[in-house]
Amino acid sequence: MFFQRRHLAAAIGGLLLSCAAHAGKLAIVIDDFGYRPSEENKVLQMPAAISVAVLPNAPAARQMAIKAHQGGHEVLIHLPMAPLSKQPLEKDTLTPEMSSEEIARILRSAVNSVPYAVGLNNHMGSKMTSSLPGMVKVMQALNQYNFYFLDSMTISNSQSIPAAQGTHVKVLKRRVFLDDSQDINAIRQQFTRAVKLAQRDGYAIAIGHPHPNTVRVLQQMLPTLPADITLVRPSQLLNEPLRSGTSPAKPPSRPSKPTFQPPGVCKVQPQPVPATKVFEAVWESASQSVVVRELKQLF
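What this report covers is the structure whose coordinates are included nearby. (Residues numbered from 1 in each chain as written. Predicted model: local features only at pLDDT ≥ 70, side-chain atom pairs only at ≥ 80, totals over all residues. Heavy atoms only, no water.)

## Quick word on the pairing of strand β8 (residues 203–208)
- Burial of β8 is extensive: six of the six residues sit out of reach of the surface.
- Taking every second residue as pointing to the same face, both faces of β8 are buried, with Y203, I205 and I207 on one and A204, A206 and G208 on the other.
- As defined by bridge partners, strand β1 (residues 24–33) adjoins β8 across six bridges and the pair is classed as parallel. Pairing of A27 across the sheet is with I205, part of β8.
- Sheet topology places strand β7 (residues 176–177) next to β8; two bridges connect them, and they run parallel. Bridge pairing in β8 places F177 opposite I207.
- This β-α-β element, β7 to helix α8 (residues 184–201) to β8, shows right-handed connectivity. (Buried < 20%, exposed > 50% of the residue type's maximum accessible area, 1.4 Å probe, protein only. Helix = DSSP H or I, 4+ residues; strand = E, 2+ residues; numbered from the N terminus. Pairing = 2+ DSSP bridges. Right-handed = clockwise from strand over helix to strand, strands pointing away.)

## Notes on empty space enclosed by the protein
- Inspection of every chain in the model, using the stated rule, returns two cavities of 30 Å³ or more.
- Taken as a whole, the second largest cavity spans an internal volume of roughly 50 Å³.
- Lining the second largest cavity are P56, N57, L79, P80, K91, D92, I106, S109, A110 and S113.
- Here the lining of the second largest cavity takes four residues from helix α4 (residues 100–113), the largest share from any one element.
- Partitioned by chemical class, the residues of the lining of the second largest cavity number five nonpolar, three polar and two charged. (1 Å grid on protein atoms, 1.4 Å probe; cavity = no way out; pocket = protein on both sides within 12 Å on 5 of 7 lines; lining within 4 Å. Points joined across faces, edges and corners; volume = space filled by probe spheres on them. Nonpolar A, V, L, I, M, F, W, Y, C, P; charged D, E, K, R; others polar.)

Below, the structure written as structure tokens:
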């Protein structure tokens, strides 16, 4: 009887772990940190899995990077890169024409300005990231650090992946921009789209900014994440198969379809449930299974 109980308990534990392993993973990165501490502090009150990307020459760059790290948030360097459009540029914006030495100097300065960074993503950068020679120089400079590169995908023909070949730099790609439009309903729609992509494909990376409406949507919608969605840091996706970035305005090419275990093995309730209650939801469903009924009889 003792051994039967042990085996059934192990089966239940394995069931719960299996369901958790099949949850969709959603990473959210908030860019442009260092200029708006009042809104950024609201972001830092959100779950620690929300990551932040800090502009190295922003007035509060060091302060916000340290505060984010102390709160358990993953920190990235939000490195300015040249866009195709004509607009004001941050100091030390990378351009394809720069020498390897100049790019290495700017990156070294950024690392010193943003303590605790573990990754880097591009601020703007459609001109820079679409230049293979330019991105090769970036990846060679980045190879000296234990950083990953999160491609913001500001242009569809980004060269970050081929440029990283021959280096130790791992590349991730943004799937959704939350707030290209700062209309609150549009941001809600983009958040929902990111969730559906994570359910359909297993994971998704969404990028937003510390705008008041973006902060408001995150405050409202993060507590209602479906039970099959787990918030993760970008670094937790480094071993996932790479998927192409998509335009924020482009709808998913296939109907959204959550990835679940077969019926009766890992069921969840259809209404939204906070992600922190995923095990509670799984247990409630699993308690109806034959395995659990047997376990209750034994005890």
